[in-house]
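Working through the structure, step by step
Here are the chains, one letter per residue:
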Amino acid sequence: MSSTRSVTITDNATGKSVECPVLEGEYGAPVIDIRTLYRELGMFTFDVGYGSTASCRSAITYLDGEEGILLHRGYPIEQLAEHSSFVEVCYLLVHGELPDAAQLADWEHALKMHGMTHEHLSRFYSGYRYDAHPMSVLTGVVGAVASYYHANTDIASEEDRMLTARRVIGKMPGLVAKIYRYASGLPFVYPDNGRSYVENFMYMMYSWPTEPYVANPVAVRALELLMILHADHEQNASTSTVRLAGSAESSPFACVAAGIATLWGKSHGGANEAVVQMLEEIGDVKNIRQFVDRAKDKDDPFRLMGFGHRVYKNYDPRAKIIRKACHDLLEEMHLNQPLFEIAMELERIALEDEYFIERKLYPNVDFYSGLIYQALNIPTAMFTCMFALARSAGWIAQWTELMRDPEFRIGRPRQLYVGAAQRDYVPLAER
Ligand code: CMC
């Protein structure tokens, strides 16, 4: 969508101006199209962290950080969390519309048909130390999957792109589960296509070779909910990485591996792991005040993990849903969870504190997700793999959208050079 609105940028030194069109989307702040700025004024824009830059047009996810709204293809996250399944949300993200019953059945069947990986890939895991960080392994194995499809995937073909989406979403549960099995010294488990997507993942993680595996439906639903909530989140750091890698026409699996590497960071997907570590360190409700004080101290680099968000300046809508789910899960599974008590009290204290109120720092999606993963017996170091498992759906949907974009071109940010002026090389003996 476009409008007749424009913004004129004038260089006060030369008096030269450029009229930049303003583009309006369905929702959200309009954007100034500065693509002619360099040509007309010989200047770039400066926006460290891209806080004021729209990097693409996208029809997948909309979020309003001030109001705490999150929509996927127009559907509110609260409604998807309540009524949908992860598999259906994947379909929605990739195809743009909710499926009818036949489309959903076909999609689910197709994901199952792509659940296996080449047997050689299973041996790839043994190249890692038993205690390798799961995100390091996941980055490697997903990158390795690219080698099986590199020669026979035409990224310009819509048919191949849809096949790729099914492959990525279909294979991720097995790839993640194998990390856990390898680290635990357990044999790898093939998917059981009689089970749902989420239950199958739990089966591949937890089944014992000698025993029948019966999943706890409460646990399956809790995990499904978390996966729905993590499926996509607009142009965050990992998604932008996937798009940037995709813009170079790299293998889609390599693009997803690049997204996984980015997600690993504790400012991004690694926060769920950091939250549980922090809650364990706090250890007791009586120590909370001391940690809150540290977070406020400018001379202390410590931050309250799970608080704050680049875009949400209101309660993250996903955090609200997870908070309740976490409470219900612990109750239904009769788990005594002291960390949950600490988390709730920490949230209460921080939300009443002037420092957090002024800076609009609210709990984010990762504040409670780690507690659910912990209740599901997922090792702390694997929490971010769980995030990656769900987010692969968003990454591949965003990659597909990029590849279809008529304005497609390689991503190439510019810079403000502040290094040394040109100088002559000094031979080693003279330095
Ligand atoms: N604890 C204490 N102070 C904080 C926190 C925090 N968690 N987050 C931000 N601040 C302060 C920060 O010090 C700054 O204060 P001042 O204005 O006095 O300098 C102010 O709030 C603004 O912070 P910022 O660093 O400019 O905000 P940002 O948008 O660059 O950072 C963030 C966003 C998520 C990286 C940051 O809030 C943070 O480090 N949070 C903790 C890590 C975390 O939970 N990350 C998960 C993000 S959500 C999951 C995802 O989508 O990947």
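Located above this text is the structure these notes cover.
The residue numbers shown here count from 1 along each chain, following its written sequence. Two thresholds apply to this predicted model, a pLDDT of at least 70 for residue-level local features and 80 or more for giving and counting side-chain atom pairs, whereas whole-chain, interface and lining totals are computed over all residues. With hydrogens and water excluded, all non-hydrogen atoms of the structure serve as input to the side-chain values.

This brings us to the packing of aromatic side chains. Here is the rule: rings of Phe, Tyr and Trp (six-membered ring for Trp) pair when centre to centre is within 6.5 Å. Planes less than 30 degrees apart are stacked, more than 60 are edge-to-face, and the remainder are tilted. With the rule as written, the count across this model stands at 17 aromatic pairs. Seen in terms of ring centroids, F307 and F356 are 5.7 Å apart; in terms of plane orientation they differ by 70°. Their pairing is edge-to-face. In this pair, F307 sits in the loop between α13 (288–296) and α14 (317–332) while F356 sits in helix α16 (residues 354–358), placing the two residues 49 residues apart along the sequence. Side by side, F307 and F356 carry an identical accessibility label, which is buried. Judged by centre distance (5.0 Å) and plane angle (80°), the rings of F367 and Y368 are edge-to-face. On the basis of relative accessible area, F367 is assigned to the buried category, the value being 0%. Clustering of aromatic rings is evident, with ring pairs tying together F307, F340, Y355, F356, F367 and Y368. In this structure, R195 is placed above the aromatic ring of Y203, and the distance from its NZ or CZ to the ring centre is 4.3 Å. If you follow R359 out to its NZ or CZ, it ends over the ring of Y355, 3.8 Å from the centre. Put simply, DSSP H or I for four residues or longer makes a helix, DSSP E for two residues or longer makes a strand, and each gets a number counted from the N terminus. A 1.4 Å probe rolled over the protein chains alone gives each residue an accessible area, and that area as a share of the maximum for its type sets the label: buried under 20%, exposed over 50%, partly exposed in between. Placement of a positive charge over a ring is assigned whenever Lys NZ or Arg CZ falls within 6 Å of the ring centre and within 35 degrees of the normal to the ring plane.

Nearness of a residue to a molecule or strand requires only that one of the residue's heavy atoms be within 4 Å of it. Lining the immediate environment of the ligand, one finds 19 residues, of which H268, R303, L304, G306 and R310 sit closest. Definition of a polar contact: a pair of N or O atoms within 3.5 Å, with one able to donate and the other able to accept a hydrogen when the atoms are protein atoms, and with sequence-neighbouring residues admitted only if both atoms are side-chain atoms. Contact between the ligand and G306: an oxygen atom at 2.8 Å from a main-chain N or O atom of the residue. Here an oxygen atom of the ligand and a side-chain polar atom of N364 are 2.9 Å apart. Alone, the ligand offers 950 Å² of accessible surface; in the complex the protein occludes 76% of this. Surface exposure here means Shrake-Rupley accessible area, sampled with a 1.4 Å probe, where a residue is shielded only by the protein chains that are shown.

Attention shifts here to the environment of R167. On the secondary structure map, R167 appears in helix α7 (residues 158–184). According to the relative accessible area criterion, R167 is buried, its value standing at 12%. Through-space distance from the C-alpha of R167 to that of W264 is 22 Å; in sequence the pair is 97 residues apart. Here, two residues are considered to be in contact whenever any of their heavy atoms come within 4.5 Å of each other. Once you skip the residues sitting within four places of it in the chain, R167 turns out to touch H114, Y149, T153 and F253.

This paragraph deals with the nonpolar core. We define a nonpolar core as any set of buried Ala, Val, Leu, Ile, Met, Phe, Trp, Tyr and Cys residues linked to one another through side-chain atoms lying within 4.5 Å. Membership of the largest hydrophobic core comes to 121 residues, with the highest contact counts inside it found for F86, L138, V142, L304 and L346. Top element by residues in this core is helix α18 (residues 383–404). It accounts for 14 residues. In this structure, L138 is in contact with M172, V176, I179, I260, C385 and A388, ignoring residues within four places of it in sequence.

The next thing to look at is the side chain of D160. Looking at the element boundaries, D160 is found in helix α7. His is not counted, nor are the chain ends; Lys and Arg add positive charge and Asp and Glu add negative charge. Here, a salt bridge means any side-chain nitrogen of Lys or Arg that lies within 4 Å of a carboxyl oxygen of Asp or Glu. The buried charged residue D160 lacks any salt bridge partner; its closest oppositely charged side chain belongs to R167, at an N-O distance of 6.6 Å. Side-chain polar atoms of D160 contact the backbone nitrogen of D154, separated by 2.7 Å. With residues up to four places along the chain from it excluded, the contact list for D160 reads N152, T153 and D154.

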